[in-house]
Amino acid sequence: VISSIFCVGLFYLFIQHRIENQLDSNQNNIVEVAKQKISWESELGELFHSTNPTAFTDAAEKGKLSVVYIECLYKNQTESSVRSQNNGSGVLISDDGYIVTNYHVVEGAGKITITLSDKRVFEGVLVGNDENSDLALLKIEANQLPYLMMSNSDSLSVGEWVLAVGNPFNLQSTVTAGIVKTRNINKMEKNGVESFIQTDAAVNPGSSGGALINTKGHLVGINTAIVSEKGQYEGFSFAIPVNVVKK
């Protein structure tokens, strides 16, 4: 009897061990299946999304926060009333309110009004300008502002993606994408600037003085001109390299 009980006990332990091993094996299989499913879902996600979905969105967000709307009022030389107004864009280059724009945007302005991306409005002061390079430096009294870091425009490559950020047609902070078509072009040398970046990113009236940025969200140029018989974008535009701005 004792031998029978002992044999039954051994058989029970054997069966229990087999069951536990089978359970462990099943659990491992479940884990492997789950891992494989996650891997497939990840691959499908990459298949149906852009290869680098944040390349443009992060850069565009930086640009929109750092580009301002500029409105200039002009007075008639013989009258005190406001005669006309002009508008354009500018780029915050420091957290304490320094703004770079085109000189032709603010040239001769009696009053300069700056509107930030968060809708706050400030009076702008012209700190300095260089008519030959069509650049102007403005200042507003504010701190802890978003701004764009300056990159090295000499490192730009033809075919590289860039984003143009500005305020065309009085719209607030629009973003267009294109590629660098040519660097160091001197087609517009008669305007005083000998070196331009040519892109096919859309730039329309009101975007002058806005930012040309790379996909890292760094400033590579100041949008300044379009070549068009109609006065609107027709396929290519020009930006002043940021290395010229640094000078």
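Residues numbered from 1 in each chain as written. Predicted model: local features only at pLDDT ≥ 70, side-chain atom pairs only at ≥ 80, totals over all residues. Heavy atoms only, no water.

1. Things to note about the overall build of the protein chain
Stated formally: Each helix is a run of DSSP H or I of at least 4 residues and each strand a run of E of at least 2, with the numbering of both proceeding from the N terminus. A 1.4 Å probe rolled over the protein chains alone gives each residue an accessible area, and that area as a share of the maximum for its type sets the label: buried under 20%, exposed over 50%, partly exposed in between. Contacts are assigned to residue pairs with any non-hydrogen atoms lying within 4.5 Å of each other. Note that accessible areas follow from Shrake-Rupley with a 1.4 Å probe, and for residues the cover is restricted to the protein chains shown.
The helix and strand tally for the protein chain stands at four helices and twelve strands. Counting across all 247 residues of the protein chain, residues that qualify as buried make up 37%. Taking the contacts inside the protein chain whose residues are at least 6 apart along the sequence as the reference set, 61% of them involve residues at least 24 apart. Working note: accessible area of the protein chain is about 14600 Å², and carbon and sulfur atoms make up 53% of it.

2. Considerations on the pattern of salt bridges
Under the convention used in this document: Salt bridge, as applied in this entry: a Lys or Arg side-chain nitrogen positioned within 4 Å of an Asp or Glu carboxyl oxygen.
Applying the stated rule across the entire model yields two salt bridges. Ionic pairing is found between arginine 120 and aspartate 118, a salt bridge with its closest N-O pair at 2.9 Å. The exposure class assigned to aspartate 118 is partly exposed, which follows from its relative accessible area of 43%. The partner of glutamate 141 in a salt bridge is lysine 139, with the nearest N and O atoms 4.0 Å apart.

3. What about the environment of serine 151?
Mapping serine 151 onto the fold places it in the loop between strand 6 (135-139) and strand 7 (161-166). Residue serine 151 is classed as buried on the basis of its relative accessible area, which comes to 15%.

4. Here we look at the side chain of threonine 113
Assignment of secondary structure puts threonine 113 in strand 4 (residues 111-115). Given the relative accessible area of 16%, threonine 113 is considered buried. Beyond its immediate stretch of four places on either side in the chain, threonine 113 contacts Tyr69, Ile70, Glu71, Val121 and Phe122.

5. With respect to the packing of aromatic side chains
Aromatic ring pairs are reported here in terms of the distance separating the ring centres and the angle at which the planes meet. Where we set the bar: For this analysis, a ring pair means two rings from Phe, Tyr or Trp (six-membered ring only for Trp) whose centres lie within 6.5 Å, classed as stacked if their planes differ by under 30 degrees, edge-to-face if by over 60, and tilted for the remaining angles. Whether a charge sits over a ring depends on NZ of Lys or CZ of Arg being within 6 Å of the ring centre and within 35 degrees of the ring normal.
Enumeration according to the criterion identifies two aromatic pairs in this entry. Centre to centre, the rings of phenylalanine 56 and tryptophan 161 are 5.3 Å apart; their planes meet at 65°, and the pair counts as edge-to-face. With phenylalanine 56 in helix 2 (residues 54-66) and tryptophan 161 in strand 7, the pair connects residues that are 105 residues apart, well separated along the chain. With 5.7 Å between their ring centres and 75° between their planes, phenylalanine 196 and phenylalanine 238 make a pair best called edge-to-face. With phenylalanine 196 in strand 9 (residues 196-199) and phenylalanine 238 in strand 12 (residues 237-241), this residue pair connects regions lying 42 residues apart in the sequence. Exposure class is identical for phenylalanine 196 and phenylalanine 238. Each is buried. The ring of tyrosine 98 has lysine 139 lying over it, and the distance from NZ or CZ to the ring centre is 5.2 Å.

6. Things to note about unusual backbone geometry
You will see that lysine 119, though not glycine, has its phi angle at about 80°, which is positive. Residue placement: lysine 119 occurs in the loop between strand 4 and strand 5 (121-130). On the accessibility criterion, lysine 119 (55% relative accessible area) is exposed.

7. Some details on the side chain of asparagine 243
One can find asparagine 243 in helix 4 (residues 242-246). Excluding its chain neighbours within four sequence positions, the residues that come into contact with asparagine 243 are Ser151, Asn152, Ser153 and Asp154.

8. Quick notes on the pairing of strand 4
Every regular strand shows the same layout, with side chains that alternate between the two sheet faces. Just so we agree on the cut-off: A strand pair is defined by DSSP finding two or more bridges across the two strands.
With four of five residues buried, strand 4 lies mostly within the body of the structure. In terms of strand pairing, strand 4 meets strand 5 through four bridges, oriented antiparallel. Its bridge partner being in strand 5, threonine 115 is matched across the sheet by valine 121. The loop that links strand 4 with its antiparallel partner strand 5 comprises five residues; one of these, lysine 119, has a positive phi angle of about 80°.

9. Regarding the environment of valine 91
When you line up the elements, valine 91 lands in strand 2 (residues 82-92). Looking at valine 91, the relative accessible area reads 0%, which means it is buried. Separated by 23 residues in sequence, valine 91 and valine 68 have C-alpha atoms that sit 6.1 Å apart. Among all residues touching valine 91, those that are not within four sequence positions of it are Ser66, Tyr98, Ile99, Val100, Leu148, Gly209, Gly210, Ala211, Leu219 and Ile222.

10. Thoughts on the environment of lysine 216
Relative to the assigned elements, lysine 216 resides in the loop between strand 10 (211-213) and strand 11 (219-226). Looking at lysine 216, the relative accessible area reads 59%, which means it is exposed. Each C-alpha atom, one on lysine 216 and one on lysine 62, is 9.1 Å from the other, the two residues being 154 residues apart in sequence. Apart from the residues lying within four places of it in its own chain, the contact partners of lysine 216 are Ala59 and Lys62.

Honestly, that's just the spatial picture; any functional story needs more than this.
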